[in-house]
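Understanding the architecture of this molecule
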Amino acid sequence: MEAAAAGLVLLLCTSLLLNAVVFVHHRSLLPSGLSSASEIGGSCGLSWALQAAKEAEAVAAVDCSGHGRVFLDGVAGEDGRPGCECNRCFSGPDCSVRKPNCTADVASGDPLFLEPYWVRHAASSAVVISGWHRMSYTTTDRLYQSVELENHIRRLHRAVGNAVDGDKHIVFGTGSMQLVNALVHALSPDANAGSPPARVVATAPYYPNYRKQTVMFDGREYTWGGTTAGWAVNNASRNSTSTTGGGGLFIELVTSPNNPDALLHKPVLHGSAVISDRAYYWPHFTHIPEPADEDVMLFTMSKLTGHAGSRFGWALIRDARVAKRAYDYLEQTSYGVSRDTQLRMLGIVKIVLANLNVVDKDIFAFGHDVMRTRWRRLNAAVSRSRRFSLQKIRPQYCTYFKRLKPEPGNVSGDETAYAWVECEEEEDQDCYEALLKENIITRSGVRNEASSRYTRMSLLKSDDDFDVLMERVTELVNAEKYDAPGVSSWSELIYVD
Ligand SMILES: Cc1ncc(COP(=O)(O)O)c(C=O)c1O
């Protein structure tokens, strides 16, 4: 035990010394007045950061059998230290006990598939936050947003080629969910202007939180208008009466690629104000045919790097007045995003940028590999089934990877954040219930205002979650006994755009 502790201290000092060497090497980059590590003194050349670094490394070194993790703020046990938090099908002090016949839970879009990437890049992605970091309500130039973080986000969009940012303002939000409401407010007519409230609409199947949030905040400015299907019939007459649709403005939420079916969507209503949710428009989830250039676009770190817990998203907005109204909303509701989060996100974006196109380090290559492998495994199992089928995604050229995605020959689609499952049998009217009976928790299509014949499986969760899903799906498909192959065999593909 003592030898292990001594080893840990040696490792820690070596790593801190290495950092210190890099730090000294870059000393010329420090603003005058800041001392280099060797001048600060203290153990391993560091002073106040050392204790925090020791605690962080000690916690990271605890072995949870690869099925759990210890967090610095985990609940303290009898020894006063936080213990392993186990993945859902594992238990025991070190998470080594597998729960038999565990139910697969693939309902949520929790992006833990990227956790192994950050464990692998632990040294470069760690951020030290001093006790006095940005205590003020405001940051540089009395803003609520870090200018440096904004600059790096712009660099990232240009390097990846997924959005045109040059003519747009950036507004940060506590996750993109906060920005959805900020933008609905910003695009709605002023409550005192005497205009009818804007109708907020989306095309089914859509991300259900749009409806839940809009209904919750429903007021004088806007109201939930349901799906676009009913309004699209009147497109022609609404067109002739300008963008206000003869009875109020429409604000259309368009998710592209879509959650839940992963397809690239476009607005349906003519003349509506569009909020384009681009949460999944990154090369690990979809091909990037060209940079997106809509008036209002939403992005989130939750899906880009997997840091959903940090709660950070941003909007690119062309019109200065709309951007100002959204920024005012953020000011009134929260005085902007936590400065601690902004600092952490700056470190994360920097490392994503530094590793772009670097072999074995590019986050998109890593994420794409995981998504593709998971999709192929699931698709291979489901393609033997007559009971269930998955959505089909047409191969297209990806400007980031500079090749067709999926690769030629693999016509079934090779990556997507969600599997949109259809139940094919007459008796499986409720696909969610049918899978629940087989110990698989999914998210019913009814929540997306789609038919109950559809349900969503998340492919974003941890490796353990995916492995349990594959066990349950394999059992399910093996229980079907047919002479001929299943309905969704690759030779019978019909693409759905
Ligand atoms: C389409 C879409 N938009 C927004 C969000 C919410 O993102 P955030 O974590 O940034 O609030 C999600 C989360 O699943 C999503 O799927």
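Residues numbered from 1 in each chain as written. Predicted model: local features only at pLDDT ≥ 70, side-chain atom pairs only at ≥ 80, totals over all residues.

**Observations regarding the confidence of the model for the protein chain**
Looking at the protein chain, pLDDT values average 87 and 83% of them are 70 or higher. Contacts from residues 1-41, a stretch scored under 50 in pLDDT, to residues over four places away or in other chains number 30 contacts. Here residues 239-246 is a poorly scored stretch, pLDDT under 50, and it has 12 contacts once near neighbours within four places are set aside; other chains count. (pLDDT = per-residue confidence, 0-100. Contact = placed C-beta atoms within 7 Å.)

**Overview of the nonpolar core**
In this structure, Val171, Leu183, Ile251, Ala315, Ala326 and Leu459 are the most contacted members of the largest nonpolar core, which totals 101 residues. For this core, the element with the most residues is helix H7 (residues 175-187), which contributes 7 residues. Once residues within four sequence positions are removed from consideration, Val171 is found in contact with Leu179, Trp314, Ala315, Ile317, Ala323, Ala326, Tyr327 and Leu330. (Core = buried A, V, L, I, M, F, W, Y, C linked by C-beta atoms within 7 Å. Buried ≥ 20, exposed ≤ 12 C-beta atoms within 10 Å, placed from the backbone. Helix = DSSP H or I, 4+ residues; strand = E, 2+ residues; numbered from the N terminus.)

**With respect to the sheet that holds strand E13 (residues 388-389)**
On the basis of which strands lie adjacent, the open sheet formed by 4 strands has the order E13-E16-E19-E18 and antiparallel pairing. Both outer strands of the open sheet, E13 and strand E18 (443-444), are each paired with one neighbouring strand and no more. In the sheet, E18 pairs with strand E19 (residues 454-458) via 2 bridges, with the strands oriented antiparallel. Each bridged residue has a counterpart across the sheet, and for Ser444 the counterpart in E19 is Thr455. (Pairing = 2+ DSSP bridges.)

**Focus: the site of the ligand**
Taken together, 13 residues are adjacent to the ligand, and Gly175, Ser176, Met177, Thr300 and Ser302 come closest. With 3 residues, H7 is the largest single contributor of residues to the shell around the ligand. In the shell around the ligand, the residues fall into 4 nonpolar, 8 polar and 1 charged. (Near = placed C-beta within 6 Å. Nonpolar A, V, L, I, M, F, W, Y, C, P; charged D, E, K, R; others polar.)

**Concerning the sheet that holds strand E8 (residues 222-227)**
Taking strand neighbours across the sheet as the criterion, the 7 strands line up as E6-E12-E11-E10-E9-E7-E8 in an open arrangement whose pairing is mixed. Edge positions in the sheet fall to strand E6 (169-173) and E8, since each of these pairs with one other strand and no more. Within the sheet, the average angular offset between the axes of one strand and its neighbour, ignoring direction, is 25°. Along the sheet, helix H12 (residues 320-334) makes contact with E6, strand E11 (296-300) and strand E12 (313-317), crossing E6 at roughly 20°. (Axes fitted to C-alpha atoms, helices over the stretch in contact; angles between N-to-C directions.)

**So, the packing of helix H6 (residues 147-160) against helix H13 (residues 339-355)**
Contact pair H6 / H13: the axes reach a minimum separation of 9 Å and the direction vectors enclose 30°. Between H6 and H13, the angle falls in the class roughly parallel. The crossing of H6 and H13 is left-handed. On H13, the residues touching Glu148, Leu149, His152, Ile153, Arg155, Leu156 and Ala159 of H6 are Gln342, Met345, Leu346, Val349, Lys350, Val352 and Leu353. Looking at side-chain class alone, the contact of H6 with H13 contains 9 nonpolar, 2 polar and 3 charged residues. (Parallel < 35°, antiparallel > 145°, perpendicular 65-115°, else oblique. Left-handed = near helix turned anticlockwise from the far one by under 90°.)

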